[in-house]
Amino acid sequence: MASAFPAVRTIKTYTVTPRPNPDAPRQIHLSAWDLPFLSVNYNQKGLLYAYPPNLSVEQIIQRLRSSLEEALFHFYPASGRLRVVTCQGGGITCHVEVGCEGDGAEIVHAIADGVGIADVVAADGQDLPELIKEFFPLNLAVNFDGCTNPLLVVQVTELIDGFFIGLAFNHAIIDGTSFWHFLNAWAEIARCKLAGKEVVLSQPPVHDKWFIGSYGEPPIRLPYSSPTEAIVRFSPPPLRDRMFHFSSQSLAKLKARANQECEKGSISTFQALSALLWRCITRARCLPIKQNTTCRFPIQNRARLQPALSPNYFGNSFHPISTTTTAGQLLENNLGWAAWLVHEAVSNHTDSAIRDLVHEYMQNPYTYKSRNDIHRIMISSSPRFDMYSCDFGWGKALAVRSGIANKFDGKLMAYPGWEGEGSVDIEVCLSPECMSALEKDEEFLAVVSPPIELGVLLGGVKHVGLLN
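Residues numbered from 1 in each chain as written. Predicted model: local features only at pLDDT ≥ 70, side-chain atom pairs only at ≥ 80, totals over all residues. Heavy atoms only, no water.

- If you look the protein chain up in an unreviewed UniProt entry, it shows as HXXXD-type acyl-transferase-like protein from Rhynchospora pubera.

Following this line, the structure appears as structure tokens:
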């Protein structure tokens, strides 16, 4: 279907390089949590803002450039490039590292003619507009392309009444926790500079990579002469992409229902919501009753390790875990039963389980492959990420959106709701026929809440510190 909007036009691209950091090493070895991401897309997330008064687009971009330069000084891996080193001995192998020569990141200035905030914030019942994917750079680039592409590219797209900041960040060097840690630190730097204050980060990054010495010291050798042997590029099929809102009150009722039904009293809100989505999407797919179906989601390692990693550990530190049952069992049993399966998967992810997974990876390194699988759902991102505190001095964002990266039938992304208070937004990617069925599912519709109206979003944005 042809887009109702003209293409986004690129105006100018800026290279942003930090001043030399004496603490930055010449290279950083990738860990067993980083290397699997070489074959998947960059992480694409972005924020929509209303235009602040008394601030031009040129001033906005200059503020972003100046503060990004400082942010890259502190988060120096983001200004490097990936590089492959061939190893000899015991067969030809290679390892991948980050070269920290300060090559820099990029900021792209673009314009979406005739497009306004209302076009980006889809109305209730509407799919997210196709145009959003053009608000992000490096579409469908895989992380291994970071050997030649910047590891971070930012696109600032002008709209009629606002602008969108879309990031493509190499997933081989950051996970979602580090992505939002970086973005909040960048915004903090911008506010410090605006106020004329010395930049002292409230949460400086920790760059010491985590390895288990008994499993072999870095670098981790991959069983290829080049990682290109393991790279599989994936193009998503036709999908419908919608955002669904869940108020804190609706989620509280859902959690109470799940705990009452499972009679265990320890189901979390995330576990109850995951179980609901798994059940309703499985029903919408009309899977055979004996067909296995899986609920898969990433789980953090930082706090589960003993001793725990710093919450400011910069890099990847999670594993995707899953729980599986048959479609028949999932739908014949109640929500609490499904939520308990999710709960057990979370509870079993302990320090020893994490170390076992790392050991298995060291014995047989692999890369993740994106693929369509109508027998599973994958829930990524997290409503715990601090997305709406990214205030660069022009107020709170209106919405969080994602690009085309790593999307497939059954991919779901969880975000905090704009109003906070425990509300959640879920972005759902499904085949057109499955999405149509989900939109009619009574169990699902009983929990979904009306979205926050655009007028409320615009009225809730406060512009501070904008006069120059």
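**Some words on the side chain of arginine 279**
And step 1. Examined against the element boundaries, arginine 279 turns out to sit in helix α5 (residues 269-285).
And step 2. Dropping the residues within four chain positions of it, arginine 279 is found in contact with Leu330, Leu331, Asn333, Asn334, Leu335, Ala338 and Glu443. (Helix = DSSP H or I, 4+ residues; strand = E, 2+ residues; numbered from the N terminus. Contact = heavy atoms within 4.5 Å.)

**A word on the pairing of strand β3 (residues 43-50)**
And step 1. Burial runs high along β3: eight of the eight residues are buried.
And step 2. Side chains Asn43, Lys45, Leu47 and Tyr49 of β3 all project onto a buried face; the interleaved residues Gln44, Gly46, Leu48 and Ala50 project onto the opposite face, where all are buried too.
And step 3. The pairing of β3 with strand β8 (residues 162-169) spans eight bridges and is antiparallel. Among the inter-strand pairings, lysine 45 is bridged to a residue of β8, identified as leucine 167. (Buried < 20%, exposed > 50% of the residue type's maximum accessible area, 1.4 Å probe, protein only. Pairing = 2+ DSSP bridges.)

**Digging into the pattern of salt bridges**
And step 1. Across all of its chains, the model carries 21 salt bridges by this definition.
And step 2. Where aspartate 145 meets arginine 233, a salt bridge forms, and the shortest distance between an N and an O atom there is 2.8 Å. One end of the pair, aspartate 145, is in the loop between α2 (117-120) and β7 (152-158); the other, arginine 233, is in the loop between α3 (176-195) and β9 (240-246), and 88 residues separate them in sequence. (Salt bridge = Lys/Arg side-chain N within 4 Å of Asp/Glu carboxyl O.)

**Here's the deal with the packing of aromatic side chains**
And step 1. Tallied over the full model, the rule gives 23 aromatic pairs.
And step 2. Consider the rings of tyrosine 49 and phenylalanine 163, whose centres lie 5.5 Å apart with planes at 20 degrees: the pair is stacked. With tyrosine 49 in strand β3 and phenylalanine 163 in strand β8, this pair connects stretches of sequence that are 114 residues apart. Phenylalanine 163 carries the same exposure label as tyrosine 49, and that label is buried.
And step 3. An aromatic cluster of three or more residues is present, and its members are Tyr49, Tyr51, Phe75, Phe163, Phe169, Phe179, Trp180, Phe182, Trp186, Phe314, Phe392 and Trp394.
And step 4. Above the ring of tryptophan 418, the side-chain terminus of lysine 396 is found at 4.1 Å from the ring centroid. (Phe/Tyr/Trp six-rings, centres within 6.5 Å; stacked < 30°, edge-to-face > 60°. Lys NZ or Arg CZ within 6 Å of the ring centre and 35° of its normal.)

**Structural notes on the side chain of serine 178**
And step 1. Locating serine 178 in the fold gives a position in helix α3.
And step 2. A residue is classified by how much of its surface remains accessible, and serine 178, at 1% relative accessible area, is buried.
And step 3. When near neighbours in sequence (up to four residues on either side) are disregarded, serine 178 contacts Arg302, Tyr313, Phe314 and Gly315.

**A short note on the sheet that holds strand β5 (residues 93-99)**
And step 1. Here we have three strands laid out as an open sheet, ordered β2-β5-β4, and antiparallel in their pairing. Looking along the sheet, the strands with just one partner apiece sit at the ends: β2 (27-29) and β4 (81-87). Here the average twist between neighbouring strands, direction ignored, is 40 degrees.
And step 2. Here three bridges tie β2 to β5, and the two strands are oriented antiparallel to one another. From the neighbouring strand, histidine 29 faces β5, where its bridge partner is glutamate 97. (Axes fitted to C-alpha atoms, helices over the stretch in contact; angles between N-to-C directions.)

**Comments concerning the packing of helix α1 (residues 57-74) against α3**
In a pair of packed helices, the angle between the axes and the distance between the axes together describe the arrangement.
And step 1. Relative orientation of the contacting elements α1 and α3 amounts to 120 degrees, with a least axis distance of 9 Å. Comparing their axes, α3 and α1 come out oblique. Handedness of the α1/α3 crossing: right-handed. On α3, the residues touching Arg63, Leu64, Ser66, Ser67, Leu68, Glu70, Ala71 and His74 of α1 are Phe182, Trp186, Ile189, Ala190, Lys193 and Leu194.
And step 2. Taken together, the residues that form the contact of α1 with α3 break down as eight nonpolar, three polar and three charged. (Parallel < 35°, antiparallel > 145°, perpendicular 65-115°, else oblique. Left-handed = near helix turned anticlockwise from the far one by under 90°. Nonpolar A, V, L, I, M, F, W, Y, C, P; charged D, E, K, R; others polar.)

**Observations concerning the state of the cysteines**
And step 1. This structure, assessed with the given rule, holds zero disulfides.
And step 2. Cysteine 434 supplies the cysteine sulfur nearest to cysteine 280, a cysteine that is in no disulfide, at a spacing of 11 Å.
And step 3. For cysteine 280, a relative accessible area of 0% puts it in the buried group.
And step 4. Left unpaired, cysteine 429 is separated from the closest cysteine sulfur, that of cysteine 434, by 12 Å. (Disulfide = S-S within 2.5 Å.)

**Observations regarding α3**
And step 1. For α3, with 20 residues, the first-to-last C-alpha span of 29 Å sits near the 28 Å given by 1.5 Å per residue.
And step 2. Most of α3 is tucked away: 16 of the 20 residues are buried.
And step 3. Just beyond α3, the residue with positive phi is glycine 196, at close to 70 degrees. (Expected span 1.5 Å × (residues − 1).)

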